[in-house]
Amino acid sequence: MIPAWSVHPDEWKPLLKDRGLRAFRGDQIVQALYRDYIWDWDQATTLPKDFRETLKAEFPLVPPTVLERAKAEDGTEKLLLGLQDGNSIETVVIPAYGRAASGENALTRLTQCVSSQVGCAMGCAFCASGSRGLVRSLTADEIVGEVMTAQHLFATPENKRQGSGLCLTNLVVMGMGEPFANYDETLKALKILNAGKGPNLGARHITLSTCGIVPGFAKLAAEGLQFELSVSLHAPNDELRSQLMPVNKRWPIDELLDACAAYTRQTGRVITFEYTMVKDFNDSRACAEELVRRLKRLPSCKVNLIPLSPVDHRPDMKTPSEATQLAFLDVLMKAHIQTMLRRSRGKDANAACGQLRLRNLNDKTSSQQGAPQ
């Protein structure tokens, strides 16, 4: 058996032919999966019933279970999704609104933040995803299933994009897990989502985020793809970064930035550095000035400054004041580094990475401990 969402749209006809099945049905299958958003092969009514039964046996279609939906006042919505083995993952859908041609406020962008693993092994201090460690990596089928779940829930005739099967406009692999630690399955999923005959999500609307697993940079550069790349930096020197991110002990900042510079020279793609600001830790003017010096070695780059979203397991880590955030931003802008100060989205929906799953796991543990013996 081959999970249906793990098949690239271009592979359907050869796969059907190899199995002695009617290859011309391949286009109908792709239409059903990525334009009609079917949840079950029985919903593919353009296909004969006997053929649908064969597809069930050969290419199972197994969507995740929506365990919980948490919606914030700003419209950000987090989904807790249950997998077939009983594990759970998170995905977040973030809307953005702007002025439409009619003059009315309208949805202009719909971004999904996707997980690549159940939990995470990287152990970053401010991230709830890694507080319980890594359980396992996701398959390409499960990653595509995350996206199709959001599509199934959020698609309307009004927000479906012309020329695409998706209402989503952007995809960021910044959820639970480290994509470069699940490289093959993550890239397989993204190629399916990027496929013109499939979901047709543009490569430049897909962003991979890594904590800095250096071998992944050369590997991704060799793919010849136009995906965006984001790097979690979070500190200007090894002393501070190693306290936040254990991965820095394996690949220190100088080695990481050399890999980033090589990636930009080879691909022409500009890397975005994520810098989470923690009060009285990495938010000083001296840190900003040191960051500028570090980044000057790159041909070009961007920086996203992110005020910390506090997590329950690290009550000692606080969000800097707005004045501190703006002062840090000012140093980078005056150094002509393209920088954006991001406003946290979905705080009231536990939208920081891993928080909803962690709460769910804690609830399960409490329930089991309180159960009668």
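The structure presented is a predicted model; accordingly, all values stated were derived computationally and were not measured. (Residues numbered from 1 in each chain as written. Predicted model: local features only at pLDDT ≥ 70, side-chain atom pairs only at ≥ 80, totals over all residues. Heavy atoms only, no water.)

1. What to know about the overall build of the protein chain
Across its full length, the protein chain holds 11 helices and 12 strands. For the protein chain, with 373 residues in total, the buried portion stands at 54%. Within the protein chain, residue pairs in contact and separated by at least 24 positions form 65% of the contacts whose partners lie at least 6 positions apart. For the protein chain, the computed accessible surface area is about 16,700 Å², with 49% contributed by carbon and sulfur atoms. (Helix = DSSP H or I, 4+ residues; strand = E, 2+ residues; numbered from the N terminus. Buried < 20%, exposed > 50% of the residue type's maximum accessible area, 1.4 Å probe, protein only. Contact = heavy atoms within 4.5 Å. Areas by Shrake-Rupley, 256 points an atom, 1.4 Å probe, with all protein chains shown as cover.)

2. Topic: the confidence of the model for the protein chain
Residue-level pLDDT values for the protein chain average 89, and 88% of them are 70 or greater. Predicted confidence for residues 365–369 stays below pLDDT 50, and this span has 1 contact to residues more than four positions away or in other chains. (pLDDT = per-residue confidence, 0-100.)

3. Examining the sheet that holds strand S8 (residues 206–210)
The 10 strands are arranged S1-S2-S3-S4-S7-S8-S9-S10-S11-S12 in an open sheet whose pairing can be described as mixed. Looking at strand neighbours, the two that pair on one side only are strand S1 (65–71) and strand S12 (338–341), the edges of this open sheet. For this sheet the average axis-to-axis angle between neighbouring strands, irrespective of direction, equals 25°. Looking at chain direction, strand S4 (residues 105–113) and strand S7 (residues 170–173) are connected through 3 bridges and run parallel. Bridged to threonine 111 within S7 is asparagine 170. The strands touched by helix H5 (residues 183–194) within the sheet are S7 and S8, with S8 carrying the most contacts at an inclination of about 165°. Sitting on the sheet, helix H10 (residues 322–334) touches strand S10 (271–277), strand S11 (301–307) and S12, and the angle it makes with S12 is about 170°. (Pairing = 2+ DSSP bridges. Axes fitted to C-alpha atoms, helices over the stretch in contact; angles between N-to-C directions.)

4. Quick look at the pattern of salt bridges
Going through the model one piece at a time under the given rule, you end up with 21 salt bridges. The salt bridge partner of lysine 56 is aspartate 42, with a shortest N-O separation of 2.9 Å. In this pair, lysine 56 sits in helix H3 (residues 49–58) while aspartate 42 sits in the loop between helix H2 (26–34) and H3, placing the two residues 14 residues apart along the sequence. The shortest N-O distance in the salt bridge between arginine 136 and aspartate 85 comes to 2.6 Å. Placement of arginine 136 in strand S6 (residues 134–137) and of aspartate 85 in the loop between strand S2 (77–82) and strand S3 (88–99) is noted, with a sequence separation of 51 residues between them. Classification of arginine 136 as partly exposed rests on a relative accessible area of 22%. In this structure aspartate 85 comes out as partly exposed when scored by relative accessible area, which is 44%. (Salt bridge = Lys/Arg side-chain N within 4 Å of Asp/Glu carboxyl O.)

5. Some remarks on the packing of aromatic side chains
Taken as a whole and assessed by the stated rule, the structure comprises 7 aromatic pairs. When the centroid spacing of 6.0 Å and the interplanar angle of 65° are considered together, the rings of tryptophan 5 and tryptophan 39 count as edge-to-face. With tryptophan 5 in the segment before helix H1 (12–18) and tryptophan 39 in the loop between H2 and H3, the pair connects residues that are 34 residues apart, well separated along the chain. Seen from their ring centres, phenylalanine 217 and tyrosine 263 are 6.4 Å apart, and the 80° between their planes marks the pair as edge-to-face. Here tyrosine 263 lies in helix H8 (residues 253–267) and phenylalanine 217 lies in helix H6 (residues 215–221), a separation of 46 residues in the sequence. Taken individually, phenylalanine 217 and tyrosine 263 each receive the classification buried, so the pair is uniform in this respect. (Phe/Tyr/Trp six-rings, centres within 6.5 Å; stacked < 30°, edge-to-face > 60°.)

6. A short note on unusual backbone geometry
The phi dihedral of aspartate 280 is positive, around 60°, even though this residue is not glycine. Owing to a relative accessible area of 68%, aspartate 280 belongs among the exposed residues under this scheme. Positioned with a positive phi, histidine 336 is a non-glycine residue whose angle comes to about 65°. As for its position among the elements, histidine 336 is in the loop between H10 and S12.

7. Points about the side chain of threonine 186
With respect to the element layout, threonine 186 can be found in helix H5. Excluding residues that lie within four positions of it along the chain, threonine 186 makes contacts with Ser116, Ile143, Val173, Pro179 and Leu208.

8. Focus: the pairing of S12
Side chains of S12 alternate between two faces, with Thr339 and Leu341 buried and Gln338 and Met340 left unburied. Pairing analysis gives 4 bridges linking S11 to S12, with the strands arranged parallel. In the sheet register, leucine 305 faces S12, and the bridge partner there is leucine 341. Once the chain exits S11 it traverses H10 before rejoining the sheet at S12, and the crossover so formed is right-handed. (Right-handed = clockwise from strand over helix to strand, strands pointing away.)

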